[in-house]
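Coordinate inspection notes
The primary structure of each chain is shown beneath.
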Amino acid sequence: VQLVESGGGLVQAGGSLRLSCAASGSTFSINTMGWYRQAPGKQRELVAVITLAGGRTNYADSVKGRFTISRDNAKNTMYLQMNSLKPEDTAVYYCKAYVPATRVDYWGQGTQVTVSS
């Protein structure tokens, strides 16, 4: 499984960005995908996850009501719509896919999101 993120950039506080994560390879084996982020000097943290079959979602408290995770199974792509961005949302955002058959997590290379105050 290969994952490629896109859509990061620089935005002012209150603005919006939409991240995309395109999966390729053995995508049929993935059952859950998620977005994580890592700010400088901090540990990587969960932002949101989604199951590919049922579309069930879960969000970190810090982004609830502002971020929306979604997926397009036909395009093997996951999205993160980020609204009302805050400077504390600044981080490198990573896409992750979980393959239960092998119990392996696959990661993308990350995309930088910078929110200016």
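Described below are features of the structure shown in this document.

Scoring rules and cut-offs
- Residues numbered from 1 in each chain as written.
- Predicted model: local features only at pLDDT ≥ 70, side-chain atom pairs only at ≥ 80, totals over all residues.
- Heavy atoms only, no water.
- Helix = DSSP H or I, 4+ residues; strand = E, 2+ residues; numbered from the N terminus.
- Buried < 20%, exposed > 50% of the residue type's maximum accessible area, 1.4 Å probe, protein only.
- Contact = heavy atoms within 4.5 Å.
- Areas by Shrake-Rupley, 256 points an atom, 1.4 Å probe, with all protein chains shown as cover.
- Lys, Arg positive; Asp, Glu negative; His and termini not counted.
- Charge placed at Lys NZ, Arg CZ, Asp CG, Glu CD.
- Polar contact = N/O pair within 3.5 Å; in protein donor to acceptor, adjacent residues only side chain to side chain.
- Salt bridge = Lys/Arg side-chain N within 4 Å of Asp/Glu carboxyl O.
- Core = buried A, V, L, I, M, F, W, Y, C linked by side-chain atoms within 4.5 Å.

1. Overview of the overall build of the chain
Along the chain, the regular secondary structure elements total zero helices and eleven strands. Along the chain, helices (α) and strands (β) appear in the sequence β-β-β-β-β-β-β-β-β-β-β when read from the amino end. The principal-axis extents of the C-alpha atoms in the chain amount to approximately 45 × 25 × 25 Å. Burial statistics for the chain: of 117 residues in total, 43% are counted as buried. A fraction of 51% describes how many contacts in the chain between residues 6 or more apart in sequence connect residues 24 or more apart. Looking at the chain as shown, the accessible area adds up to about 6200 Å², and 48% of this sits on carbon and sulfur atoms. A gap of 4 Å separates the mean positions of the 12 positive and 7 negative side-chain charges of the chain.

2. Examining the environment of Ala39
Examined against the element boundaries, Ala39 turns out to sit in the loop between β4 (32–38) and β5 (45–51). Among residues more than four places away in sequence, those in contact with Ala39 are Thr90 and Ala91.

3. As for the environment of Arg44
You can see Arg44 is positioned in the loop between β4 and β5. Spatially, the C-alpha atom of Arg44 lies 9.1 Å from that of Val92, the residues being 48 residues apart in sequence. Once you skip the residues sitting within four places of it in the chain, Arg44 turns out to touch Tyr36, Arg37, Gln38, Tyr94 and Trp107. Side chain to side chain, Arg44 and Gln38 meet in a polar contact 3.5 Å long.

4. Thoughts on the pattern of salt bridges
In the structure shown here, the tally under the stated rule is five salt bridges. Taking the shortest distance from any N to any O, the salt bridge between Glu45 and Arg37 comes out at 2.7 Å. Residue Arg37 is classed as buried on the basis of its relative accessible area, which comes to 6%. Through salt bridges with shared partners, a single ionic network connects Arg37, Glu45, Arg66 and Asp89.

5. Section: the nonpolar core
Of all hydrophobic cores here, the largest spans 31 residues; its most connected members are Met33, Trp35, Leu80, Met82 and Tyr93. Looking at this core, the elements that each hand over two or more residues are β3 (17–24), β4, β5, β7 (67–72), β8 (77–82), β9 (91–99) and β11 (111–116). When residues in this core are grouped by element, the largest group, five residues, is from β9. Excluding residues within four positions of it along the chain, Met82 makes contact with Gly15, Ser16, Leu17, Leu19, Arg66, Phe67, Tyr93 and Val113.

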